[in-house]
Amino acid sequence: MGQTLTMSALYKKLTTFGLNKKYIREYGLPSWWDDELNDKPFAVLEGAGYIADNFNIDLKSLLTPGEEVKFNTLPLPKFKQHNSKNKEHPHLAQTLASRVAELISYGSNIEYKNLANDAQMIREEILSNHKTVSLESLLDYCWSKGIAVGYFNNFPKKIKKFAGLIQWQETFPVIILSAKHTHRAKFTFDLAHELGHLALGHLEKGVLVDEEIEFNSNDNEEQQANEFAVQLLLDKYDNHLGKRKFQNAERLTRYVCKILIPKLPNIQPDAIILNYGWHNKNCFRQAMAALNILEVSTDGQKLINKYLADNLDWDMFSDETYEYLEKALGV
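Residues numbered from 1 in each chain as written. Predicted model: local features only at pLDDT ≥ 70, side-chain atom pairs only at ≥ 80, totals over all residues. Heavy atoms only, no water.

## A few points about the sheet that holds strand 4 (residues 173–177)
Part 1 of the reasoning: With mixed pairing, five strands are arranged side by side in an open sheet as 1-5-3-4-2. Since the sheet does not close on itself, it has two edges, and those belong to strand 1 (77–80) and strand 2 (148–151), each with one partner. Neighbour-to-neighbour, the strand axes of the sheet open up by a mean angle of 15 degrees, direction not taken into account.
Part 2 of the reasoning: In the sheet, strand 3 (residues 164–168) pairs with strand 4 via five bridges, with the strands oriented antiparallel. Counted as the bridge partner of Leu165 is Ile176 from strand 4. (Pairing = 2+ DSSP bridges. Helix = DSSP H or I, 4+ residues; strand = E, 2+ residues; numbered from the N terminus. Axes fitted to C-alpha atoms, helices over the stretch in contact; angles between N-to-C directions.)

## Side note on the pairing of strand 4
Part 1 of the reasoning: Within strand 4, five of the five residues are buried, which leaves the element mostly enclosed by the surrounding structure.
Part 2 of the reasoning: Of the two faces of strand 4, the one holding Pro173, Ile175 and Leu177 and the one holding Val174 and Ile176 are both buried throughout.
Part 3 of the reasoning: Relative to strand 4, strand 2 runs parallel, the two sharing four bridges. Counted as the bridge partner of Gly150 is Ile176 from strand 4. (Buried < 20%, exposed > 50% of the residue type's maximum accessible area, 1.4 Å probe, protein only.)

## A word on helix 9 (residues 220–234)
At 3.6 residues per turn, the α-helix brings residues three or four places apart onto the same side.
Part 1 of the reasoning: Between its terminal C-alpha atoms helix 9 stretches 21 Å, which fits the 21 Å expected from 15 residues at 1.5 Å a residue.
Part 2 of the reasoning: Those residues of helix 9 not exposed but buried are Glu221, Glu222, Ala225, Asn226, Phe228, Ala229, Val230, Leu232, Leu233 and Leu234.
Part 3 of the reasoning: Residues of helix 9 that are buried in the fold lie against strand 1, helix 6 (119–127), helix 7 (135–144), helix 8 (184–199), strand 5 (207–210) and helix 11 (269–279).
Part 4 of the reasoning: With a side-chain oxygen positioned 2.9 Å from the backbone nitrogen of Glu221, the residue opening helix 9 is Asp219. (Expected span 1.5 Å × (residues − 1). Contact = heavy atoms within 4.5 Å. Polar contact = N/O pair within 3.5 Å; in protein donor to acceptor, adjacent residues only side chain to side chain.)

The structure is reproduced here in structure tokens:
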């Protein structure tokens, strides 16, 4: 190699790539790593192997001085933007999440069953086993259909991030949700949106990345996925509250729960409230406050990864990969 291999040299090389030392130390190296090993070439070589494996980096490019760090071959990404004028894509975040998706697929013993391309049919199928289409019932449905779902948002701080992606593995798709919000209602819509992409045939191979999931996207496939999600969650009751105004979030919550839900028992009240906020942008903050009143806990990401942890065969992973996934997924 021509020069002594040190961890500081690897840190410097990876920092120019967007992976800072703190992130590498926390997620790239195993917990037993000691800084006393940083200047011991054989130990650093082993550490480089862990970094390359966790982040899907080509090990040779990492170890060769003067060579740019390269990722191993990944599925070709298809990026979906809310603003088509923005040309910057979240490549690093997508690559890190794609590696997590690969590991999830490795530990998942599931068989994909083709979806109907009609949201109403899927809704009826879910309601045959559940009272409403909620985050829990949608997760149940996905896993029963051979669709793995996880939440991953442990990225380096200063890189561009995304809301969600679908990645085709060899025999089944993996959905990774990544938005920073915590409300179950929002995650339910995000998951329904990604399921819409899958059911409507927007992805046949590779990976589709939703940089944002916005109600008024100008992308045709995004609009289709939104319409699919709305029908799946709300049946025919999109914009059911229209332009109705409420004095405060408490009044909105009370009206939905006391007046509407008795008439619409198969619809989640949080779905109606979120839908109201999206249709009435000047009332969006009020809708979010109503969700805070309605939900005792905002733990959507934890629920997603609880389902994931329960469905993974953890014995499939090495001790180091097991540890990485525990930290990366927060399970």
